[in-house]
Amino acid sequence: MGAAMRRIHVGNALSAFGLGFTVPYLYVYVAQVRGLGSMTAGLVLAVFAVAALIVLPFAGRAIVRRGPLPVLLIALVTAALGALSLGLSASAATVLLSAAALGAGQAVMQPALATMIVDCSTTETRSRAFAMQFFLQNLGLGVGGLIGGHLVDTTSASSFTLLFAIEAAMFLVLVAVMATVRAPRAPRVEAVPGQAAGGSWKQLLGNRAMVQLCVLGFVLFFACYGQFESGLSAYGVEAAGITTSALGTALAANTLMIVIAQFAVLKFVERRKRSRVIAAVGLIWAVAWAVAGYAGLGHGSQTMATAAFISTYALFGLGEAMLSPTLAPLVADLAPTGLAGQYNSAFALVKQLALAIGPAVGGPLGASLHAPYIVAFLLFSLGITVLAVRLGRQLTDVQNQPSLARSRVVTQGRAPSDAVAAAEA
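What counts, and at which threshold
- Residues numbered from 1 in each chain as written.
- Predicted model: local features only at pLDDT ≥ 70, side-chain atom pairs only at ≥ 80, totals over all residues.
- Heavy atoms only, no water.
- Helix = DSSP H or I, 4+ residues; strand = E, 2+ residues; numbered from the N terminus.
- Rg over C-alpha atoms; globule rule 2.2 N^0.38 Å.
- Buried < 20%, exposed > 50% of the residue type's maximum accessible area, 1.4 Å probe, protein only.
- Contact = heavy atoms within 4.5 Å.
- Areas by Shrake-Rupley, 256 points an atom, 1.4 Å probe, with all protein chains shown as cover.
- Axes fitted to C-alpha atoms, helices over the stretch in contact; angles between N-to-C directions.
- Parallel < 35°, antiparallel > 145°, perpendicular 65-115°, else oblique.
- Nonpolar A, V, L, I, M, F, W, Y, C, P; charged D, E, K, R; others polar.
- Phe/Tyr/Trp six-rings, centres within 6.5 Å; stacked < 30°, edge-to-face > 60°.
- Lys NZ or Arg CZ within 6 Å of the ring centre and 35° of its normal.
- Salt bridge = Lys/Arg side-chain N within 4 Å of Asp/Glu carboxyl O.
- Core = buried A, V, L, I, M, F, W, Y, C linked by side-chain atoms within 4.5 Å.
- Expected span 1.5 Å × (residues − 1).
- Left-handed = near helix turned anticlockwise from the far one by under 90°.
- pLDDT = per-residue confidence, 0-100.

**Digging into the overall build of the protein chain**
In step 1: Counting secondary structure elements, the protein chain contains 20 helices and zero strands.
In step 2: At 23 Å, the protein chain has a C-alpha radius of gyration in line with the 22 Å of a compact globule built from 425 residues.
In step 3: When its C-alpha atoms are laid out on the principal axes, the protein chain stretches across 85 × 55 × 40 Å.
In step 4: Among the 425 residues that make up the protein chain, the fraction classed as buried is 50%.
In step 5: Considering only residue pairs separated by 6 or more positions, the protein chain has 86% of its internal contacts joining residues 24 or more positions apart.
In step 6: When the accessible surface of the protein chain is summed, it comes to about 18300 Å², and 68% of that surface belongs to carbon and sulfur atoms.

Here it is in structure tokens:
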């Protein structure tokens, strides 16, 4: 990695650290510590999703026109102001406005950082760069949640004020770090006279492969990430009798699997067609949902049910490790020159939409309709496999398997010497 890529990875780790540092404790902070009630706390979590959905379309346009670094710096300052204000807020109105600023800033960071990775990598190194990004994001989330949990005290508002102040300071430190990045100048798309602001979105929607990838991405995030802390956890508690400590162990197993498997599966993934890797993830997740079904609907012992439930989260982690070097590089490879920011923002928008709808649908279903919940999401996982196979038909050979480009370069590079050897013979 070059110096620019190292700084970008630091940015990914610290932004994820900030998310894990405060977001898990937002509900308790708003509802109990500030005494604003569960409804306001629920609105705060909804505001995070709504703010992301509002700003991401504009973020993509700004990244294309101005470059990812200026957009990232503005997002970091916005998130810092939102975090600091949230720690000082005592009324519902100021809490909601602060949450909107923090949510918008954090939402824009991801496509901006992803576009910087694209600018600082090549087709050959991109999968490893995004695998490293995902690894550091999970590490940052885990460490942030662990440290934040030891700092907060539900009987003291000042402990939460300190928590949000540390997060704000961290974002400002990150501004100083990222301002030193000297990334290669990627082509920028300038305004064309008479072209509407939505012209680039129209171009994106005309890319059938990208549209299919967005549909696939929605199902992926809806069926996995959108269920972790809502439907699947509710199902585990209500149907399988999982304790809160076992639920924490399951989440830790997911993170541990990612940390262990991420680089172990990387070489395997790099040599396979991307569509087949995603299709395999769908099958792995279908097995995960079947194991979850045994945990809650089987007639085994509580120990077996708990072990099966923890295994479900571990299997999800294996699938995530396979997706991290696959999805984001594919988005970059589908983007026309200069439009990587637009495509990254569009894919981030799809992810946020899935994360907003997933808990709303999965939560009530997982808590009450146990068998239909498992069957529905097992079918969603099989649907991932079907959609991935269909996507593969829309991709070029190199888009689907970038290693072919390296093989062709080697073959072409050897051709002249082979011809000379033949002539000499």
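**Focus on the packing of helix α1 (residues 3-22) against helix α7 (residues 157-178)**
In step 1: Interhelical geometry of α1 versus α7 gives an angle of 170° and a closest axis separation of 10 Å. Classified by the interaxial angle, the pair formed by α1 and α7 is roughly antiparallel. Of the residues in α7, those touching α1 at Arg7, Ile8, Val10, Gly11, Leu14, Ser15, Phe17, Gly18, Leu19, Phe21 and Thr22 are Leu163, Phe164, Ile166, Glu167, Met170, Phe171, Leu174, Val177 and Met178.
In step 2: Looking at the contact of α1 with α7 residue by residue, the classes come out as 14 nonpolar, four polar and two charged.

**Some words on the packing of aromatic side chains**
The relation between two aromatic rings is expressed through the spacing of the ring centres and the mutual angle of the planes.
In step 1: Summed over the entire model, instances satisfying the criterion amount to 16 aromatic pairs.
In step 2: Centre to centre, the rings of phenylalanine 222 and phenylalanine 377 are 5.5 Å apart; their planes meet at 25°, and the pair counts as stacked. With phenylalanine 222 in helix α9 (residues 208-223) and phenylalanine 377 in helix α18 (residues 370-392), the pair connects residues that are 155 residues apart, well separated along the chain.
In step 3: Given a relative accessible area of 1%, phenylalanine 377 falls into the buried group.
In step 4: The rings of Phe218, Phe222, Tyr235, Trp285, Trp289, Phe316, Tyr373, Phe377 and Phe380 are connected pair by pair, giving a single aromatic cluster.
In step 5: The aromatic ring of tyrosine 225 is capped on one face by lysine 351, whose charged end is 5.8 Å from the ring centroid.

**Regarding the environment of valine 259**
In step 1: Assignment of secondary structure puts valine 259 in helix α12 (residues 244-261).
In step 2: Given a relative accessible area of 31%, valine 259 falls into the partly exposed group.
In step 3: Distance in space between the C-alpha atoms of valine 259 and valine 389 is 28 Å, their sequence separation being 130 residues.

**Quick word on the pattern of salt bridges**
In step 1: In total, this model carries two salt bridges according to the counting rule given.
In step 2: Between arginine 274 and aspartate 333 there is a salt bridge; the shortest N-O distance is 2.8 Å. With arginine 274 in helix α14 (residues 274-297) and aspartate 333 in helix α16 (residues 327-334), this pair connects stretches of sequence that are 59 residues apart.
In step 3: Arginine 274 gets classed as buried once you look at its relative accessible area, which sits at 4%.
In step 4: Three or more residues joined by partner-sharing salt bridges are found here, namely Arg126, Arg274 and Asp333.

**Observations concerning the nonpolar core**
In step 1: Ranked by internal contacts, the top residues of the largest apolar core, which has 111 residues, are Met178, Met210, Leu213, Leu232, Trp285 and Phe309.
In step 2: Tallying contributions element by element places helix α5 (residues 92-119) first for this core, with 11 residues.

**Remarks on the environment of glycine 241**
In step 1: Within the secondary structure, glycine 241 is located in the loop between α11 (231-238) and α12.
In step 2: On the accessibility criterion, glycine 241 (37% relative accessible area) is partly exposed.
In step 3: In the structure, glycine 241 is positioned 65 residues away from threonine 306 in sequence and 8.2 Å away in space, judged by C-alpha atoms.
In step 4: Setting aside anything within four residues of it in sequence, one finds glycine 241 in contact with Gly236 and Gln302.

**Remarks on helix α3 (residues 37-66)**
In step 1: Taking 1.5 Å per residue, 30 residues should reach 44 Å; α3 reaches 41 Å between its end C-alpha atoms and fits that length.
In step 2: Positioned one or two residues after α3, glycine 67 has a phi angle of 100°, which is positive.

**A look at the side chain of threonine 385**
In step 1: Here threonine 385 is to be found in helix α18.
In step 2: Among residues more than four places away in sequence, those in contact with threonine 385 are Ala279, Gly282 and Leu283.

**Examining the packing of α1 against helix α6 (residues 126-151)**
In step 1: Close contact between α1 and α6 brings their axes to 6 Å; oriented N to C, the two are set at 35°. Along this stretch, α1 crosses α6, giving a crossing that reads as right-handed.
In step 2: Here the contact of α1 with α6 is built from residues that sort into 13 nonpolar, nine polar and no charged.

**Here we look at α7**
In step 1: The first and last C-alpha atoms of α7 sit 32 Å apart over 22 residues, in line with the 32 Å expected at 1.5 Å per residue.
In step 2: Those residues of α7 not exposed but buried are Ser159, Phe160, Leu163, Phe164, Glu167, Ala168, Met170, Phe171, Leu174, Val175 and Met178.
In step 3: Considering only its buried residues, α7 is in contact with α1, α2 (26-33), α4 (68-88), α5 and α6.

**Describing the confidence of the model for the protein chain**
In step 1: A residue-level look at the protein chain finds 90% of positions with pLDDT of 70 or above and a mean pLDDT of 82.
In step 2: Note that pLDDT drops below 50 for residues 189-197; the model gives that stretch 10 contacts with residues more than four away or on any other chain.
In step 3: Ignoring residues within four places in sequence, the model shows residues 408-425, a span with pLDDT below 50, making two contacts including any to other chains.

**A closer look at the side chain of serine 381**
In step 1: Mapped onto the elements, serine 381 comes out in helix α18.
In step 2: Residue serine 381 is classed as buried on the basis of its relative accessible area, which comes to 0%.
In step 3: Sequence-distant contacts of serine 381, that is, excluding residues within four places in its chain, are made with Gly282, Trp285, Ala286 and Trp289.

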